[in-house]
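Descriptive structure summary
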Amino acid sequence: MTPDIDARPSDTPPAPYDPATIEPRWQQRWAERATNQPDMDGARRPFYALMMFPYPSAEGLHVGNLFAFTGSDISARFHRLLGHDVFQPFGYDAFGIHSENYALKMGAHPMELTPKNVLNFQRQVERAGFMVDWRSKVDTSRPDYYKWTQWVFLQLYKQGLAYKKAAAVNWCPTDKTVLANEQVEGGRCERCGTPVEQRFLEQWFFRISAYAERLLNNLDTLDWSNITKHAQRNWIGRSEGAELQFRVDGAEETVRVFTTRADTIYGATYLVLAPEHPLVDQVTTPGQRDAVRAYQESTGRQDLVSRKSVKEKTGVFTGASAINPATGARIPIWIADYVLMEYGTGAIMAVPGHDERDFEFAGVFGLPITRVVAAAGSDASEPLDTAFTDDADGYLVNSGAFDGMSVAEAKGRVTAWLAEGGHGKAVVNFRLHDWCISRQRYWGPPIPIIYCDDCGTVPVPESQLPVELPFIPDFKPDDSGVSPLARHEEWYRVPCPTCGKSARRETDVSDTFLDSAWYFLRYPSAGHEDVPFDGERTKKWLPVNSYIGGNEHAVLHLLYSRFVTMVLHDGGHIPFEEPFTRFRAHGMIIREGAKMSKSKGNVINPDSYMEQWGADAFRMYLMFLGPYEEGGDFQDKGIVGVRRFLDRLWATVRDATSEGAPDPDVMRKLHRTIKKTGEDSARLGYNTAIAAMMEYMNAMRRGDRVAHRDEVLPLVQMIAPYAPHLAEECWETLGHTTSVFDGGWPTFDPAMLVDDSYELVVQVNGKVRGKVQVAMDATQDAAVAAALTDAGIAKFITGEIRKVIFVPKRLLNLVV
RNA sequence: GCGGACGUGGCGAAAUUGGUAGACGCGCCAGCCUUAGGAGCUGGUCCUUCACGGGGUCCCGGUUCGAGUCCGGGCGUUCGCACCA
């Protein structure tokens, strides 16, 4: 229904457009005309625009979701206008602890609650007018999806990359489950903040550490936000060093240590093993046994917060000694909890002279401190009152044949010398650990493994997938260390797929991050029942051209997705090994300078804003309030400015004339605006793109002038990605019958960007003293002459001009 | 502690390669129109000064004809990693 234009005399103020009428209408038309559905098999210029799918909380879409999605939608729509066949799907990360915990809190069952939440999300996403192809909806909690999540697990298993081991794992006593290292922040559960405990459990792991080097190296080839790459590099934590061997004095054993400072070997005055180190029992002398055991026990009782926080050094002597391979000296072997079993070899050579932690430890227990590195030009005989850790400009002392050598050189030379003697080798160590994917919870895909007394661990045959998650009323996790599914023998008791004898299913489910590590592969093939992803579709649409999401997933989701993609590539399933060609992290929205939180009661409700101002105004305001990649401050009153702008656009379109010719000055401004808006939209510079369109609108309406149809039409096209409903309405009002998104992006004429003269800024001694109009190709002499004829400038020329700096098209600086 | 990013009006923010600081918007002020206005339109709005000028991008110093931008030092905010050997 078009508003009745004739009913509004032209001397009344421009009537605001009515989003409540036009937005649902266009959403319905898009659905009817299949506007948002690319030809999945025949597309000629496929472009896969992906936004991180949300977990469907019961609260509904958060404004942060909407901010993220809008930026992605604008990018998708912009590429559509540029002529690409854009595929933008949407889905729900519906499995996982988030959803399960919420169900527990509400006293509901996740299997009943989740579909409701999904429906609510879908309503909101449709309300915001995103260009989503709903044919490809994905819901990770549905059997037709997690069937293939289990398939992915089996591929890893087949490739020897999934294994089970008993290990010290992070256990959250509140969520009652194991957590991946990535889900522990500062020793606390990232979800509920509870201090994490150590437990020894049999867990399934993925061997992501085997891909560490590749995950690191490939980063150089990716067009990703730098902060994200940086976070991944940090997380992978590549560290070059040496693994050195210390023979235990009077025994067969050898202690292997990892060090990045092999050059300091002459200063290694003792060794330290992690309390859990397997050699501890063997080397400990009878006299020290009780003390060592007591220390091990107290360490084991510690939760990981205190274990990993920096605190006063503690430790116990084992009574044993090792031989320093460089000096031949006997050095004591200690255990201490500042050495972590999970990093390196779980043992270190302590060099108190050149490591702060070792220095502190040596101080507490009176162990010898030797200087083996000195700063250039310093007195090497001075005792150390603190560890000297500078490895940039140090040289070796007290180090035999290596004295005088720089640290940098000695690192390699000492390692080589020790290697020759059979005492070690150069190694690269990574901080990245294998990915623990077992969860002792209910709301996830059962891990597709069966244990048979005769056949051992048997993977569920692919033909028997999915292993369906049963509806059980008692899904609440407990402290037992096993999943609620383990309470249901009728579910886990199954015949062995190999021998047919009674066997037992794995009762743990897999980590939510496995669900989301491959969903982008599913979208183009959603609905295909017999394959996880169709070969042709995958080849056509992947890898993803543009991925936009939050940087909080920099080391979790994004790293796991890359890993799974590499594994599937190596298994011959897909022809590429990196899933996301371009990734951009959006920023965070705060409100009136403060973080939003439920407890503060300052959370923005997107529904009410869209109701009051319209989805277009809300979308556009979110994009206008700051740089997309940095986020911004949502000021409640700010949205009126955007709404006014949209009202003016509507009024301008309604009143536009086709008579006469467009104004040349306005047209020059138009072409400049097309250029800037296009460039800004491409680089996600949405706030400045919108500002440029506002400027153009101001130019078009300056004074009381009525805009020409040819002036306003391209603005409608430019604004379409930002305010799609209003753009369609305007486009139709201007006489079109097809979608504005089939009308293309306006082009600018470079000839229209150049003027024949420009305003030259004139400085005298670096201070701006005036401006003169000069020809575009004015020479320096012409510019100086023009400047001197300007009285306001000339009066500052008090003496001889000693120097002239002329920057054509910019400024003239006269130095007197 | 290590590493990254950032610091600009009353507020959100703009500013190619160093080249008119504050675009665009909010708010505020004035005017117009209105029975009215939390509507619309027009103009103004960094500080100081009657004016001419002068000062101004966290602070100090440097390079340069010229610095928000580059360099050195400091302060502050924020993010990532953190007893990682």
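Whatever comes next refers back to the structure up there.
What comes next concerns the included structure. Keep in mind the model is a prediction, meaning the values are calculated, not measured.

Description of the pattern of salt bridges
Counting across every chain of the model gives 40 salt bridges. For Arg-256, the salt bridge identified is with Glu-243, shortest N-O distance 2.7 Å. With Arg-256 in strand β12 (residues 254-259) and Glu-243 in strand β11 (residues 238-248), this pair connects stretches of sequence that are 13 residues apart. Residue classification places Arg-256 among the partly exposed positions, given a relative accessible area of 39%. The exposure class assigned to Glu-243 is buried, which follows from its relative accessible area of 16%. Its salt-bridge partner being Asp-636, residue Arg-591 comes within 3.1 Å of it at the nearest N-O pair. Note that Arg-591 is positioned in strand β29 (residues 588-591) and Asp-636 in the loop between β30 (631-634) and α20 (639-655), a separation of 45 residues in sequence. The class for Arg-591 is buried, based on a relative accessible area of 14%.

Considerations on the protein's contact with RNA strand B
Within the structure, RNA strand B sits among 54 residues, and Thr-260, Arg-357, Gln-635, Arg-810 and Asn-813 are positioned closest to it. Sugar and phosphate atoms constitute 63% of the interface atoms of RNA strand B, taking the interface as everything within 4 Å of the protein. Within the side chain of Tyr-343, an N or O atom sits 2.6 Å from a phosphate oxygen of RNA strand B. A distance of 3.3 Å separates a phosphate oxygen of RNA strand B from a polar side-chain atom of Asn-698. Per-element accounting of the surface near RNA strand B gives the leading share, six residues, to helix α22 (residues 686-700).

What to know about the packing of aromatic side chains
Enumeration according to the criterion identifies 48 aromatic pairs in this entry. Ring geometry for Trp-435 against Tyr-560: centres 3.6 Å apart, planes inclined by 0 degrees, an arrangement best described as stacked. Remark: Tyr-560 occurs in helix α17 (residues 557-570) and Trp-435 occurs in strand β20 (residues 435-436); sequence separation between them is 125 residues. Note on accessibility: Trp-435 and Tyr-560 belong to one class, buried. Pairwise contacts between aromatic rings join Phe-153, Tyr-157, Trp-204, Phe-206, Tyr-211, Trp-435, Phe-513, Tyr-560 and Phe-563 into one cluster. The ring centre of Trp-235 lies 4.3 Å from the NZ or CZ of Arg-431, which sits over that ring. Note that Arg-643 overlies the ring of Tyr-17, its terminal NZ or CZ placed 4.6 Å from the centroid.

Digging into the sheet that holds strand β22 (residues 449-452)
Spatially, β23-β22-β25-β24 is the arrangement adopted by the four strands of the open sheet, whose pairing is antiparallel. Where the open sheet ends on each side, the last strands, each with one partner, are β23 (456-459) and β24 (493-495). Pairwise comparison of adjacent strand axes, ignoring direction, gives a mean angle of 40 degrees for this sheet. Pairing geometry for β22 and β23, over four bridges, is antiparallel.

Re helix α4 (residues 110-127)
Since one α-helical turn is 3.6 residues long, residues separated by three or four positions face the same way. Its 18 residues give α4 an end-to-end C-alpha distance of 25 Å, which sits within 8% of 26 Å, the value for a rise of 1.5 Å per residue. Considered for burial, the residues of α4 that qualify are Pro-110, Leu-113, Thr-114, Asn-117, Val-118, Phe-121, Gln-122, Gln-124 and Val-125. Structurally, α4 contributes buried residues whose contacts are with β3 (91-92), α3 (97-106), β4 (138-139) and α18 (606-613). Where α4 ends, the next residue or the one after it, Gly-129, has phi of about 75 degrees, a positive value.

With respect to the packing of α20 against α22
One way to put it is that α20 packs onto α22 with a least axis distance of 11 Å and a crossing angle of 45 degrees. Considered as vectors, α20 and α22 are oriented oblique to each other. Taken as a pair, α20 and α22 cross one another with a handedness that is left-handed. In this structure, α20 uses Gly-641, Val-642, Phe-645, Arg-648, Leu-649 and Thr-652 to contact α22, whose residues at the interface are Met-693, Met-694, Met-697, Asn-698 and Met-700. Split into classes, the residues belonging to the contact of α20 with α22 amount to seven nonpolar, three polar and one charged.

Some remarks on the pairing of strand β34 (residues 811-815)
Two faces, one strand: in a regular strand the side chains alternate between the faces of the sheet. For β34, a buried count of four out of five residues is recorded, marking the element as mostly surrounded by other parts of the structure. Where strand β31 (residues 757-764) meets β34, four bridges bridge the pair, whose relative direction is parallel. Its bridge partner being in β34, Gln-763 is matched across the sheet by Asn-813. Note: strand β33 (residues 803-807) against β34, five bridges, orientation antiparallel. Note that in β34 the partner of Val-807 across the bridge is Leu-811. Linking two consecutive strands that pair antiparallel, namely β33 and β34, is a turn of three residues; a positive phi of about 70 degrees is found at Lys-809 within it.

Brief notes about the environment of Arg-591
It is 8.3 Å that separates the C-alpha atoms of Arg-591 and Gly-632, two residues lying 41 residues apart in sequence. With residues near it in sequence (within four places) discarded, Arg-591 still touches Met-596, Asn-602, Val-603, Ile-604, Tyr-609, Asp-633, Phe-634 and Asp-636. Side-chain polar atoms of Arg-591 contact the backbone oxygen of Asn-602, separated by 3.0 Å.

Focus: the packing of α18 against α20
The interhelical angle for the contact between α18 and α20, taken along N-to-C directions, is 40 degrees, at an axis separation of 11 Å. By crossing handedness, the relation of α18 to α20 is classed as right-handed. Residue-level inspection shows Tyr-609, Gln-612 and Trp-613 of α18 in contact with α20, the latter providing Ile-639, Val-640 and Arg-643.

Structural notes on unusual backbone geometry
Note the cis peptide between Leu-465 and Pro-466, where omega equals 0 degrees. Relative to the helices and strands, Pro-466 resides in the loop between β23 and α13 (489-492). The residue after Leu-542, namely Pro-543, is reached through a cis peptide bond having omega -5 degrees. Tracing the chain through its elements places Pro-543 in the loop between α16 (535-541) and β27 (546-550). Non-glycine residue Asn-765 carries a positive phi angle of around 55 degrees. Within the secondary structure layout, Asn-765 lies in the loop between β31 and β32 (767-775). For Asn-765, a relative accessible area of 45% corresponds to the partly exposed category. If you check the backbone angles, Lys-809 has positive phi at about 70 degrees while not being a glycine. Owing to a relative accessible area of 55%, Lys-809 belongs among the exposed residues under this scheme.

Rules behind the numbers
- Residues numbered from 1 in each chain as written.
- Chains lettered and ligands numbered in written order.
- Predicted model: local features only at pLDDT ≥ 70, side-chain atom pairs only at ≥ 80, totals over all residues.
- Heavy atoms only, no water.
- Salt bridge = Lys/Arg side-chain N within 4 Å of Asp/Glu carboxyl O.
- Helix = DSSP H or I, 4+ residues; strand = E, 2+ residues; numbered from the N terminus.
- Buried < 20%, exposed > 50% of the residue type's maximum accessible area, 1.4 Å probe, protein only.
- Near = heavy atom within 4 Å.
- Polar contact = N/O pair within 3.5 Å; in protein donor to acceptor, adjacent residues only side chain to side chain.
- Phe/Tyr/Trp six-rings, centres within 6.5 Å; stacked < 30°, edge-to-face > 60°.
- Lys NZ or Arg CZ within 6 Å of the ring centre and 35° of its normal.
- Pairing = 2+ DSSP bridges.
- Axes fitted to C-alpha atoms, helices over the stretch in contact; angles between N-to-C directions.
- Expected span 1.5 Å × (residues − 1).
- Contact = heavy atoms within 4.5 Å.
- Parallel < 35°, antiparallel > 145°, perpendicular 65-115°, else oblique.
- Left-handed = near helix turned anticlockwise from the far one by under 90°.
- Nonpolar A, V, L, I, M, F, W, Y, C, P; charged D, E, K, R; others polar.

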